[in-house]
Amino acid sequence: MKSWLPPLALLALAVVLYFALPYNLAFLTRILIMAVLVLSLDLVLGYAGIATLGQAAFYGAGAYAAGLFAIHAWADPLAGLVVAGVAGAALAFISGLVVLRTHGLTLIMLTIAVASICHEIANKARDVTGGADGLRGIRMEPVLGLFEFDFVGQTGFWYALAVLAAVFTFLTLLTRAPFGLSLRGIHESPERMAAIGTSVYWRRVAAYTIGGAIAGIAGALSAQVTQLVSLESFSFTLSAEALIMLILGGTGRLYGAVLGTLIFMWVHHWAAANDPFNWLFVIGALVLAVVFFLPRGIIAVPTALKRLGGRNAGS
Amino acid sequence: MTLLLNILVDGVAYGMILFMISVGLSVTMGLMRVVNLAHGGFALLGGTFAHWFAADLGLPFWPAAVLGVAATVALSLPLERVIYRRIYGFTDLQQVLATIGLTFLMIASVNLWQGSSLLSIPLPESLKASVDLGFRTLPVHRLVVIVAGAAVVLGLWALLERTRFGMRLRAAVDNRGTASAHGINTDLIFMLAFGLGAGLAALGGVLGAEILPIDAYYPLRYMVLFLIVVAVGGMGSIAGSFAAAIGLGLLETAARYLVPDFATIAFFALVILLLALRPNGLMGRVA
């Protein structure tokens, strides 16, 4: 049961923050949504070991799918989540069939290329997506028919938190199941897993597809809560930031992904508020600091400190 | 026929720029196994310095271009020594992150220094003039780009195949351990190769500013393009990079002329198809 402590502490922190910062609910909800995206990346990268810089492709696909579904078909939030999950999974499956045949740099580059294509399609199909103006006019029905999306963002916060908790629980179970263990094995030694008869390629495709579905759900949350989808959903910056959050927190541990998101978003927020022109400088410096001094992420800090023994080392 | 010639001229000019910027990336990736996403940043720095020398200090185009490239090289050498040297041993993922961090720092620095507007490098009258090729008139600038690109190809070939430095560099690329056991100072070779790559990127950035305009977000905008050239060409293969740059330049230009609305999509789709069939690129060695 000890392993449930960090996630429960994070859940408690979310509730505390809700009451402590009632005027920042939009920002807090944004953190929750990003946490879902970073969790999807943790499955793909942290567990299956697929280095990708194109996770935004599935996030954007989910956001546009949920937005369009709400406008043209049915504005029920949960149905929208399902549609977005399917859209993200479908895109991840199709692109994964090609992308996962390659390795290293080519793989990284192809994942960026997939996201770039999606960005370009959304940009060009102005009649459907609104192009550079973004997709507007999303009006959601109440969640479960009970909770109306309010102006302050209370419903949005609890809705995103509930989805985050559900995704977290699902991923915890998945990564402890034989499938998750085989992913870990593939990450550590694909040759050995292939030798004992695992279909490495299809497991990776499966992990990539599930990751795509979850990223799609994150995109749907963003579309439903902010009632706007912009081209930014497909941007390289989003993929890169999600990766930074994951590494900051530490890969291969689900709560690390959430912790990294929380810290990154906070630094981002603080830097952007203090100097909107050069928050990128702070982010760049933060990334370098993490890679050089904390390659295993924040969650490794306690062990690192222990190993340093008597020496007084800050983070 | 005219259309074909147009595509040919514009495509080759575009390809030459892509080659100049990407070849350094290909060499450093083949040599040091660094996934250097910050490489486009050197093209940005070259362009920014040239803009500063030309527009703010009022130097003529050519001195500004040369000083811009020199300033970028001067900056890249200590950067290699202090930062990149530590990155070499990292995993792919850490390299990606570290170089993204560097890219962000470069963008923010340029943004702070010159702002986020377009950084033009004023061309002299002689480059703005046109020459009549019979089937169309062509800005002299395009011809200069094509000639400069060809000169870079020949210069690199001569450097790598005909000089002692080239011999040592090739040895270090093939097997670093054995090379240094033979008394080759691989650290120095790496630093020089890195500076050479950064300088070429800066040159490409300056000369290509008419085709790929310079502003602070330049490295992020064109990063995929440069990576594609390297991936399609095959890491560490200069001939491959050249073939890929010219081929992709022609392909994208053709797409822009023939299917303007779907140019980017068609371009990426073809690249993905190609890489799915040949994951190691046109001339890449099987890793």
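Quick caveat: nothing in here was measured; it's all calculated off a predicted structure. (Residues numbered from 1 in each chain as written. Chains lettered and ligands numbered in written order. Predicted model: local features only at pLDDT ≥ 70, side-chain atom pairs only at ≥ 80, totals over all residues. Heavy atoms only, no water.)

Caption draft 1: How the structure looks around the overall build of chain B. Regarding its fold elements, chain B presents 12 helices and 2 strands. Shown N-terminal to C-terminal, the secondary structure of chain B runs as helices and strands in the order α-α-α-α-α-β-β-α-α-α-α-α-α-α. The C-alpha radius of gyration of chain B comes to 19 Å, within 12% of the 19 Å expected for a compact globule of 287 residues. Projected onto its principal axes, the C-alpha positions of chain B cover 55 × 50 × 35 Å. For chain B, the share of sequence-separated contacts (at least 6 apart) that also reach a separation of at least 24 residues comes to 75%. (Helix = DSSP H or I, 4+ residues; strand = E, 2+ residues; numbered from the N terminus. Rg over C-alpha atoms; globule rule 2.2 N^0.38 Å. Contact = heavy atoms within 4.5 Å.)

Caption draft 2: Representation of the overall build of chain A. A tally of regular secondary structure across chain A gives 14 helices and 0 strands. Reading the secondary structure of chain A in the N-to-C direction produces α-α-α-α-α-α-α-α-α-α-α-α-α-α. Radius of gyration (C-alpha) of chain A: 19 Å, near the 20 Å computed for a compact globule of 315 residues. Across its three principal directions, the C-alpha atoms of chain A cover 55 × 45 × 40 Å. The proportion of buried residues among the 315 residues of chain A is 57%. If you take every contact in chain A between residues at least 6 apart in sequence, the share linking residues at least 24 apart comes to 79%. A total accessible area of about 13700 Å² is found for chain A, and carbon and sulfur atoms account for 66% of it. For chain A, the distance from the average position of its 17 positive side-chain charges to the average position of its 13 negative side-chain charges is 16 Å. (Buried < 20%, exposed > 50% of the residue type's maximum accessible area, 1.4 Å probe, protein only. Areas by Shrake-Rupley, 256 points an atom, 1.4 Å probe, with all protein chains shown as cover. Lys, Arg positive; Asp, Glu negative; His and termini not counted. Charge placed at Lys NZ, Arg CZ, Asp CG, Glu CD.)

Caption draft 3: Helix 12 (residues 263–277) of chain B, seen in detail. In this model, helix 12 of chain B (15 residues) spans 21 Å end to end at C-alpha, consistent with the 21 Å of a helix rising 1.5 Å per residue. The inward-facing, buried residues of helix 12 of chain B contact helix 4 (77–99) and helix 5 (104–124) of chain A together with helix 10 (218–233) and helix 11 (238–258) of chain B. (Expected span 1.5 Å × (residues − 1).)

Caption draft 4: Up close: the packing of aromatic side chains. Scanning the entire structure with this criterion turns up 18 aromatic pairs over all chains. Ring geometry for A:F58 and A:Y208: centres 5.4 Å apart, planes at 85 degrees, overall edge-to-face. With a gap of 150 residues between them, A:F58 in helix 3 (residues 56–72) and A:Y208 in helix 10 (residues 200–226) connect regions that are remote in the sequence. By relative accessible area, which is 1% here, A:F58 ends up buried. In this structure A:Y208 comes out as buried when scored by relative accessible area, which is 2%. Relative to B:F194, the ring of B:F42 has its centre 5.6 Å away and its plane inclined at 85 degrees; by these criteria the two rings are edge-to-face. Here B:F42 is found in helix 2 (residues 39–56), whereas its partner B:F194 is found in helix 9 (residues 186–207), with 152 residues between them in sequence. (Phe/Tyr/Trp six-rings, centres within 6.5 Å; stacked < 30°, edge-to-face > 60°.)

Caption draft 5: Expanded view of the interface of chain B and chain A. Taken together, the contact between chain B and chain A spans 41 residues of the former and 37 residues of the latter. Between chain B and chain A lies a buried interface of about 3500 Å² when both sides are counted; carbon and sulfur atoms form 86% of it. Taken together, the links from chain B to chain A amount to 0 salt bridges. At the junction of chain B and chain A, the tally comes to 1 residue pair in polar contact (both at pLDDT 80 or more). Elements that contribute at least two residues to the side of chain B that touches chain A include exactly helix 3 (61–87), helix 4 (92–114), helix 10 and helix 12 of chain B. Broken down by element, the residue count for the side of chain B that touches chain A peaks at 16 residues, all from helix 4 of chain B. Counted by class, the side of chain B that touches chain A contains 33 nonpolar, 5 polar and 3 charged residues. (Buried area = accessible area lost by both parts, 1.4 Å probe. Salt bridge = Lys/Arg side-chain N within 4 Å of Asp/Glu carboxyl O. Polar contact = N/O pair within 3.5 Å; in protein donor to acceptor, adjacent residues only side chain to side chain. Nonpolar A, V, L, I, M, F, W, Y, C, P; charged D, E, K, R; others polar.)

Caption draft 6: Seen up close, the confidence of the model for chain B. Model confidence for chain B is summarised by a mean pLDDT of 85, while 98% of its residues fall at 70 or above. Put simply, helix 5 (residues 125–128) of chain B is where chain B has its lowest mean pLDDT, 77, and helix 2 of chain B is where it has its highest, 91. (pLDDT = per-residue confidence, 0-100.)

Caption draft 7: Spotlight on the packing of helix 10 of chain B against helix 12 of chain B. All names here are of chain B. It is at 11 Å that the axes of helix 10 and helix 12 come closest, and there the two elements cross at 30 degrees. The orientation of helix 10 with respect to helix 12, classified from their angle, is roughly parallel. Crossing of helix 10 over helix 12 shows left-handed handedness. Where helix 10 approaches helix 12, its residues V224, L225, I228, A231 and V232 are matched on the opposing element by F267, F268, V271, L274 and L275. When grouped by side-chain class, the residues that make up the contact of helix 10 with helix 12 number 10 nonpolar, no polar and no charged. (Axes fitted to C-alpha atoms, helices over the stretch in contact; angles between N-to-C directions. Parallel < 35°, antiparallel > 145°, perpendicular 65-115°, else oblique. Left-handed = near helix turned anticlockwise from the far one by under 90°.)

Caption draft 8: Representation of unusual backbone geometry. Positive phi is not limited to glycine here, since A:Q227 has a value of about 55 degrees. With respect to the secondary-structure elements, A:Q227 resides in the loop between helix 10 and helix 11 (236–249).

Caption draft 9: Here's a closer look at the side chain of A:S222. All names here are of chain A. Topologically, S222 is positioned in helix 10. Engagement of the side chain of S222 in a polar contact is seen with the side chain of Y59, the distance being 3.3 Å. Setting aside anything within four residues of it in sequence, one finds S222 in contact with R30, I33, Y59, Q227 and L228.

Caption draft 10: Representation of the environment of B:L112 in the model. All names here are of chain B. By the element assignment, L112 lies in helix 4. Classification of L112 as exposed rests on a relative accessible area of 63%. Considered as a pair, L112 and A216 are 104 residues apart in the sequence and their alpha carbons are 9.3 Å apart.

Caption draft 11: View of the side chain of A:H268. All names here are of chain A. Within the secondary structure, H268 sits in helix 12 (residues 254–274). Exposure remark for H268: the relative accessible area of 18% places this residue in the buried category. Apart from the residues lying within four places of it in its own chain, the contact partners of H268 are E241, W279 and I283.

Caption draft 12: Up close: a nonpolar patch on the surface. Residue and element names in this part refer to chain B. On the surface, a cluster of nonpolar side chains totalling about 460 Å² of accessible area is made up of L3, Y257, L258, V259 and F262. By the element assignment, L258 lies in helix 11. Owing to a relative accessible area of 54%, L258 belongs among the exposed residues under this scheme. (Patch = residues over 30% accessible without salt bridge, like charges linked within 9 Å, V, L, I, M, F, W, Y side chains within 5 Å.)

Caption draft 13: Representation of the environment of A:I108 within the structure. Mapped onto the elements of the fold, A:I108 is located in helix 5. Since its relative accessible area comes to 2%, A:I108 is described here as buried. Taking the C-alpha atoms as reference points, A:I108 and A:P22, 86 residues apart in sequence, are found 40 Å from one another. Among residues more than four places away in sequence, those in contact with A:I108 are A:A51, A:L53 and B:V96.

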